[in-house]
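Results of the structural survey
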Amino acid sequence: ASQLAILQRSEISNPPLYGARIAATVLNDPKLFAEWEQNLDTMSGRIISMRKALREKLEALGTPGTWHHITDQIGMFSFTGLTEPQVQKLKEEHHIYMTKNGRVSMAGINTKNIDHVANSIKKVVSATQ
C-alpha cells in the first residue's frame, strides 16, 4: 500500500488525532487563524442579534412576563423560562422544539423564523397564564 493510503487509514481510525491535526493546522497558520477568528465573530454576532431581536419581538407583542434574561445570557443556548407544559404546547401546536426545561438553541433562530417563534411563544404563554 502507498504511504498515503497508510496515512489515511491511520488518520481515519484515530479520529482524535485527525481533529487535533486539523486544529493545529488552523491555529498555527496566521491566515487560517485570522479566517477562523472572523468566522467566530460572525457566528457570535448573529446569535447576539437573534437574542436581541427575539426579546424585542416578545416585548413588542406584549408577551406576559419579563424577557431580559434572553439578552442577559450568552452562548448558543438560552433558557426561556418556559414551563414544561408550555414547551409541550410549542412542540405540538407550533412545531417549535426545545428541551423540556425551556432551553432553546439560539443558533436555530433566524430572520426567517423569528416572527413565528415569538408569536408562538406569546400565544402559549398568554394561554397558560
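Up top is the structure these notes are about.
These numbers come from a predicted model, not from an experiment.

To continue, consider the overall build of the protein chain. A count of helices and strands for the protein chain gives six helices and two strands. Ordered by position in the sequence, the α and β elements of the protein chain form the string α-α-α-α-β-α-β-α. Residues counted as buried form 24% of the 129 residues belonging to the protein chain. A separation of at least 24 residues holds for 57% of the contacts in the protein chain among residues at least 6 apart in sequence. Of the roughly 8700 Å² that the protein chain leaves accessible, carbon and sulfur atoms contribute 59%.

A general trend in soluble globular proteins is that nonpolar side chains are found buried together. Core analysis: the largest hydrophobic core is formed by 21 residues, its most contacted members being Leu54, Leu82 and Ile121. Secondary-structure elements contributing two or more residues to this core are helix H3 (30-60), helix H5 (84-94) and helix H6 (114-127). If you tally residues by element for this core, the top one is H6, at six residues. Beyond its immediate chain neighbours, meaning those up to four positions away, Leu82 contacts Trp67, Val87, Leu90, Met98, Asn101, Gly102, Ile121 and Val125.

Quick look at unusual backbone geometry now. Despite not being glycine, His95 shows a phi value in the positive range, around 55°. Mapped onto the fold, His95 is located in the loop between H5 and strand S2 (103-105).

Here is what the cut-offs are and how they apply
- Residues numbered from 1 in each chain as written.
- Predicted model: local features only at pLDDT ≥ 70, side-chain atom pairs only at ≥ 80, totals over all residues.
- Heavy atoms only, no water.
- Helix = DSSP H or I, 4+ residues; strand = E, 2+ residues; numbered from the N terminus.
- Buried < 20%, exposed > 50% of the residue type's maximum accessible area, 1.4 Å probe, protein only.
- Contact = heavy atoms within 4.5 Å.
- Areas by Shrake-Rupley, 256 points an atom, 1.4 Å probe, with all protein chains shown as cover.
- Core = buried A, V, L, I, M, F, W, Y, C linked by side-chain atoms within 4.5 Å.

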